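Structural characterization, general
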Amino acid sequence: MSIFRKIYNWIEDAAYVWRQEMKQVFRDEGVLIFCVIVPLVYPLLYSWIYNNEVVHEVPVAVVDLSHSHQSRQFIRMCDASPDVRVAYYAEDLDDAKSLVSRQVVKGIYLIPEDFATRINRMEQTFVSVYCDMALILAYKAIYQTSVAVTQTMGAQIQTKISGNYTAREDEITSRPLDFEDVPIFNPQGGYGSSILPAVLMLILQQTLVLGIGLAAGTARERNRYGDLVPIHKCYGGVGRILTGKSLCYLMVYAVMGAFLTLVVPRLFHFLQLATWQNLLAMMVPYVLACVFFGMTVSCLVRYRENVMLLVVFISLPLLFLTGVSWPQSAIPSYWQGISWLFPSTFGIRAFVRMNTLGGTLGDVAPEVRYLWIQAIVYFLTTCLVYAHQLHISHHHARERLDYLRKKRQVRLGIKRLNTSKI
């Protein structure tokens, strides 16, 4: 019966830790914001902003120094495209640059004086394109439109001078090698479908680390000695502390993970090629690794503000290190080694390859394996740091008991002294 009693006490202590942690999640404004409100609201806001996927009707300025039929044809074709709108006709390049500096237009098409002359002489001519590189989507629209128009005009000129007699001969002359452009996994070539799946997984890790770090900072501020583990009989072992705390965050982020991976992509019509069974097999080690990673990092947090500065600072580098927005092969090896310390690196790669690229669980087996390794390693580090924190807490508890005992003895001595005098 003593064994069953010990097991019951252990479960009761773990349940007490779980209740305290769950109360802190929903009572502490900072933890509530980062663990519940941000994972629910921020993905919706971010996805809604980029729901259009691509930009259309980007305003440009035209500097037409040729004033010819061919230059006007080039301008009309650019203006007729869905991505570019000819908003201004500038007198010279300096006038057009002033429009770009005032953000009235996003780019410039400069047609030289000899544009039509070189075409009539059967010589190669050119059009200069100046783009505002502050926005890559605008640059893409302006540059690709100019390329498409110049290719179309070149094909028309080539067909006109070929002397063919049939439409089939004209087609072969203008396009001897035909091809069909089929964008895989991102038909509209949009920003949201390529970046937002990775951002969703990064939000899950960062908000979890922020919530655990804020809770740890609150625990230290409320403790007399600034310890992470409070002086309480239910916090008497590492196992019950870790079970209670991790179970709390696992329950909360089981809901948040399902929302981020299943609900948000469906609401905004992102690609969803993975089955829920494969997503579950990937999300379980990912959430576990994030929980124990956050608990390990939380032991380094002395104040609530520290974790916010740290996590917000590394969010953008972590997104780049995953290889989604920048080729993984172009990332230096030492930076790739640093990225292996964070669960988001393998979680984002696995989620994008399954949900966006249509991979199976076998295709992401290395990433899932690394996530399980991270979950185990960070579980062990969490045990070590909490054992150290528990030892410090017990030391401070003994000091407190000794202080109270000495204080009581002094009071008893003064009482006896007063009694003897009377």
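Residues numbered from 1 in each chain as written. Predicted model: local features only at pLDDT ≥ 70, side-chain atom pairs only at ≥ 80, totals over all residues. Heavy atoms only, no water.

Our focus in this paragraph is the sheet that holds strand S3 (residues 107–111). Spatial ordering of the open sheet is given by S2-S1-S3-S4, a layout of four strands whose pairing is mixed. What marks the edges here is a single partner per strand, and that holds for strand S2 (84–89) and strand S4 (128–131). Along the sheet, successive strands turn relative to each other by an average axial angle of 30°, direction set aside. Alignment of S3 against S4, held across four bridges, turns out to be antiparallel. Counterpart to glycine 107 in the pairing with S4 is cysteine 131. (Pairing = 2+ DSSP bridges. Helix = DSSP H or I, 4+ residues; strand = E, 2+ residues; numbered from the N terminus. Axes fitted to C-alpha atoms, helices over the stretch in contact; angles between N-to-C directions.)

With the rule as written, the count across this model stands at one cavity of 30 Å³ or more. Approximately 30 Å³ is the volume attributed to the largest cavity. As for the largest cavity, its lining consists of Pro197, Leu200, Pro265, Phe270, Leu271, Phe351, Asn355 and Thr356. Breaking the lining of the largest cavity down by element, the ones donating at least two residues are helix H8 (191–222) and helix H13 (343–356). At three residues, H13 tops the list of elements feeding residues into the lining of the largest cavity. (1 Å grid on protein atoms, 1.4 Å probe; cavity = no way out; pocket = protein on both sides within 12 Å on 5 of 7 lines; lining within 4 Å. Points joined across faces, edges and corners; volume = space filled by probe spheres on them.)

Below, the discussion takes up a nonpolar patch on the surface. A surface patch of nonpolar side chains, amounting to about 720 Å² of accessible area, comprises Leu44, Leu262, Val263, Leu267, Trp276, Leu280, Val284 and Trp372. Going through the elements one at a time, helix H9 (238–267) and helix H10 (276–298) are the ones with two or more residues in the nonpolar patch. Note that tryptophan 372 resides in helix H14 (residues 365–421). Judged by relative accessible area, tryptophan 372 falls into the partly exposed class, the value being 38%. (Patch = residues over 30% accessible without salt bridge, like charges linked within 9 Å, V, L, I, M, F, W, Y side chains within 5 Å. Areas by Shrake-Rupley, 256 points an atom, 1.4 Å probe, with all protein chains shown as cover. Salt bridge = Lys/Arg side-chain N within 4 Å of Asp/Glu carboxyl O. Buried < 20%, exposed > 50% of the residue type's maximum accessible area, 1.4 Å probe, protein only.)

The next subject is a negative patch on the surface. The grouping of Glu91, Asp92, Asp94 and Asp95 at the surface amounts to a negative patch. As for its placement among the helices and strands, aspartate 92 is situated in the loop between S2 and helix H4 (93–101). A relative accessible area of 37% means that aspartate 92 is categorised as partly exposed. (Lys, Arg positive; Asp, Glu negative; His and termini not counted. Charge placed at Lys NZ, Arg CZ, Asp CG, Glu CD.)

It is worth spelling out the pattern of salt bridges at this point. According to the stated counting rule, one finds five salt bridges in the structure shown. Note that arginine 118 is salt-bridged to glutamate 123, the shortest N-O span being 3.9 Å. Between glutamate 367 and arginine 353 there is a salt bridge, with its nearest N and O atoms 2.4 Å apart. Highlighted residues: glutamate 367 in helix H14 and arginine 353 in helix H13, separated in sequence by 14 residues. Taking relative accessible area as the criterion, glutamate 367 reaches 8% and is therefore assigned buried.

We now examine the state of the cysteines. The tally for this structure, following the rule as stated, stands at zero disulfides. Not engaged in a disulfide, the cysteine cysteine 131 finds its nearest cysteine sulfur in cysteine 78; these two sulfurs lie 11 Å apart. As a non-bridged cysteine, cysteine 248 has cysteine 35 as the owner of its nearest cysteine sulfur, 7.9 Å distant. (Disulfide = S-S within 2.5 Å.)

Our next topic: helix H1 (residues 2–27). With 26 residues, H1 should reach 38 Å at 1.5 Å per residue; the first-to-last C-alpha distance of 37 Å fits that figure. Those residues of H1 that fall on the buried side of the exposure criterion are Asp13, Ala14, Val17, Glu21, Met22, Gln24 and Val25. (Expected span 1.5 Å × (residues − 1).)

Moving on, we come to the environment of lysine 245. In this fold, lysine 245 is placed in helix H9. Each C-alpha atom of the pair lysine 245 and tryptophan 18 lies 5.6 Å from the other, and the pair is 227 residues apart in sequence. Setting aside residues up to four positions removed in sequence, lysine 245 forms contacts with Val17, Glu21, Met295 and Tyr386. A distance of 2.9 Å separates polar atoms of two side chains, one belonging to lysine 245 and the other to glutamate 21. (Contact = heavy atoms within 4.5 Å. Polar contact = N/O pair within 3.5 Å; in protein donor to acceptor, adjacent residues only side chain to side chain.)

Before going further, it helps to examine the layout of surface pockets. The computed volume of the largest pocket comes to approximately 710 Å³. Lining the largest pocket are 26 residues, with Tyr46, Tyr191, Ile195, Val199 and Leu319 sitting closest to its centre. Those elements giving two or more residues to the lining of the largest pocket turn out to be helix H2 (29–49), helix H6 (136–160), H8 and helix H11 (304–321). Ranked by the residues each element gives to the lining of the largest pocket, the list is headed by H8, at nine residues.

Function cannot be inferred from these measures alone, as they are strictly geometric.
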